[in-house]
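Listed below are the residues making up each chain.
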Amino acid sequence: QGVFVEPRVSVAPFRNFAPYVAGRAGFLQLRAPATPQYQAERHALTALGAGVGTLVWLAPSVQLDLAGMYTDLR
């Protein structure tokens, strides 16, 4: 569980679509429940990523978001 921020910047708006670049930064926490063999564990993780995509207008107020993103968890 955790939160992330993903800003997007459109690089060249066209009439029917708008390509963009995106970045991602997240702070996550992994919780493993206790079992008879192991104690409960908590791990803090950082997620950093980047991606590209485009918004395609299907109707005046409807857009299709097509995107690809790579994220690294540490």
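Thresholds applied
Residues numbered from 1 in each chain as written. Predicted model: local features only at pLDDT ≥ 70, side-chain atom pairs only at ≥ 80, totals over all residues. Heavy atoms only, no water. Salt bridge = Lys/Arg side-chain N within 4 Å of Asp/Glu carboxyl O. Helix = DSSP H or I, 4+ residues; strand = E, 2+ residues; numbered from the N terminus. Buried < 20%, exposed > 50% of the residue type's maximum accessible area, 1.4 Å probe, protein only. Polar contact = N/O pair within 3.5 Å; in protein donor to acceptor, adjacent residues only side chain to side chain. Contact = heavy atoms within 4.5 Å.

(A) Geometry of the pattern of salt bridges. Counted by the stated rule, this structure contains four salt bridges. Between Arg8 and Glu6 there is a salt bridge whose closest N-O contact spans 2.8 Å. Here Asp65 ties to Arg8 by a salt bridge, and the two come within 2.6 Å at their closest N and O atoms. With Asp65 in strand 5 (residues 62–73) and Arg8 in strand 2 (residues 8–10), this residue pair connects regions lying 57 residues apart in the sequence. Taking relative accessible area as the criterion, Asp65 reaches 35% and is therefore assigned partly exposed. According to the relative accessible area criterion, Arg8 is partly exposed, its value standing at 42%.

(B) Fine view of the side chain of Thr54. Along the chain, Thr54 falls in strand 4 (residues 41–59). Relative accessible area serves as the criterion here: at 18%, Thr54 is assigned to the buried category. Separated by 3.4 Å, the side chain of Thr54 and the backbone oxygen of Ala18 make a polar contact. With residues near it in sequence (within four places) discarded, Thr54 still touches Phe17, Ala18, Pro19, Tyr20, Leu64, Asp65 and Leu66.

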